[in-house]
Amino acid sequence: MTAASPEQTTRAISSYRGALRAWSRHPSPRLIGLFVLLAAALRSSLGPWQWWDLGMVLAGVALWPFLEWFLHKYVLHIRPRPLFGRTVDPEFARRHRAHHREPWRPELILLPPYVHLTLGPALFAAAWWLMPDRALALSALVGYGLAALNYEWTHFMVHTRIQPGNRYYQSLFRAHRMHHFRNENYWYGFTLTSVDRWLGTGPDPDATPRSPHCRDLGVDT
Ligand SMILES: [Zn+2]
Ligand SMILES: [Zn+2]
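Throughout what follows, the structure given in this document is the object of discussion. Given the structure is predicted, the values throughout are model-derived calculations rather than measurements. (Residues numbered from 1 in each chain as written. Chains lettered and ligands numbered in written order. Predicted model: local features only at pLDDT ≥ 70, side-chain atom pairs only at ≥ 80, totals over all residues. Heavy atoms only, no water.)

**Description of the nonpolar core**
Selection criterion: Within this scheme, the nonpolar core is defined by two criteria: the residues are buried Ala, Val, Leu, Ile, Met, Phe, Trp, Tyr or Cys, and they are joined through side-chain atoms within 4.5 Å. Relative accessibility decides the category of a residue: with a 1.4 Å probe and only protein chains considered, values under 20% of the type maximum give buried, values over 50% give exposed, and everything between is partly exposed. Secondary structure follows DSSP: runs of H or I at least 4 residues long count as helices, runs of E at least 2 residues long count as strands, and numbering of each begins at the N terminus. It only takes one pair of heavy atoms within 4.5 Å for two residues to be counted as in contact.
Within the largest apolar cluster, 17 residues are counted, with the highest numbers of intra-cluster contacts made by W64, F124 and L141. Where this core is concerned, the elements lending two or more residues are α2 (27–45), α3 (51–76), α6 (113–130) and α7 (134–158). For this core, the element with the most residues is α7, which contributes eight residues. In this structure L141 touches F35, A39, L123, F124 and A127, once residues within four positions along its chain are discounted. Counting residues in hydrophobic clusters, the runner-up holds 14 residues, among them I109, W153, M157 and L172.

Structure (structure tokens):
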């Protein structure tokens with residue numbers, strides 16, 4: 001029997017180098033990298049960068065941890081619900097349930113390309129035509145894209161066998177493992193565990209009951 005490869009399971013990865021190699025082969029990080037380069041190039045085409053641009057990059061970065069928490073809790077964990085006699089069960093929610101069922105499958109950890117191929121152009125169009133200041137809007141997109149890249153890396157990394165040495169990564173590993181294997185109703189943050197504490201979803205793990213629905217999110221299919 002041959003050992004499983006990193007393409008089949010992130011359990012086969014135990015080093016940062018191996019994780020980076022496997023991660024960078026997927027389309028999602030590449031598409032986000034392209035998004036950041038494009039936003040930076042478009043911003044540069046409008047003139048020299050100012051201090052305000054740095055502020056907007058930081059604003060884009062700062063927004064992300066709240067956005068990921070909100071989308072994870074209220075969008076990805078949506079359950080199928082009836083609407084006009086039919087059952088609405090969006091693809092992103094089914095995909096997230098598949099990720100909870102098979103947490104080590106690499107392609108289910110990362111965002112699917114269609115998210116970037118639709119949202120990316122929409123964000124560029126909004127920054128270019130709807131925002132009062134194109135340059136500053138593009139700078140915000142640079143920050144947003146960098147934070148998105150960090151999110152994809154973080155989420156991929158916490159699903160490997162790496163034993164992180166620094167406390168920041170250790171806290172991210174612990175929190176996300178708790179979301180997957182202790183109780184899926186808590187620990188929605190990926191890149192900043194403080195957000196869960198601030199928003200009431202980061203309880204004391206020892207005082208939190210184990211959920212029987214960590215794998216299926218309470219849905220049969
Ligand atoms: Zn996960
Ligand atoms: Zn989840």
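**Some words on the coordination of the zinc ion (ligand 1)**
So the rule is basically this: The donor set comprises N, O and S atoms within 2.8 Å of the metal, extended to 3.2 Å for Na, K and Ca; water molecules are omitted, so apparent gaps in a site may simply reflect that omission.
The zinc ion (ligand 1) binds to the protein through H99 (NE2), H155 (NE2), H159 (NE2), H176 (NE2) and H180 (NE2); the donor distances cover 2.0 to 2.2 Å. Positions of the donor residues of the zinc ion (ligand 1) along the chain correspond to the pattern H-x55-H-x3-H-x16-H-x3-H. A residue pair is termed long-range when its members are at least 10 positions apart, and H99 in helix α4 (residues 91–101) and H159 in the loop between α7 and α8 (167–181) qualify at 60 residues. H159 carries the same exposure label as H99, and that label is buried.

**Quick look at the pattern of salt bridges**
Here the idea is simple: oppositely charged side chains can pair when their charged atoms come close. In plain terms, the rule: Think of a salt bridge as a Lys or Arg side-chain nitrogen and an Asp or Glu carboxyl oxygen that are within 4 Å of each other.
By the definition in use, this model includes five salt bridges. Residues D53 and R43 are paired through a salt bridge, measuring 2.8 Å at the closest nitrogen-oxygen approach. Taken together, the residues D53 in helix α3 and R43 in helix α2 connect sequence positions 10 residues apart. Each member of the pair, D53 as well as R43, carries the same accessibility label: buried. Of the charged contacts, one joins E102 and R105 as a salt bridge, the two residues approaching to 3.0 Å between their closest N and O atoms. For R105, a relative accessible area of 29% puts it in the partly exposed group. Salt bridges linked by common partners bring E102, R105 and E107 together as one network.

**A word on the packing of aromatic side chains**
Here is the rule we go by: Two rings belonging to Phe, Tyr or Trp (six-membered ring only in the last case) form a pair when the distance between their centres is within 6.5 Å. Interplanar angles under 30 degrees mark stacking, angles over 60 mark edge-to-face geometry, and anything in between is tilted.
Evaluated as defined, the whole model comprises 14 aromatic pairs. Judged by centre distance (6.1 Å) and plane angle (15°), the rings of F66 and W198 are stacked. Here W198 lies in helix α9 (residues 194–198) and F66 lies in helix α3, a separation of 132 residues in the sequence. On the accessibility criterion, F66 (39% relative accessible area) is partly exposed. When the ring of W69 is compared with that of Y188, the centres are 6.4 Å apart and the planes differ by 85°; the resulting orientation is edge-to-face. A residue pair is termed long-range when its members are at least 10 positions apart, and W69 in helix α3 and Y188 in the loop between α8 and α9 qualify at 119 residues.

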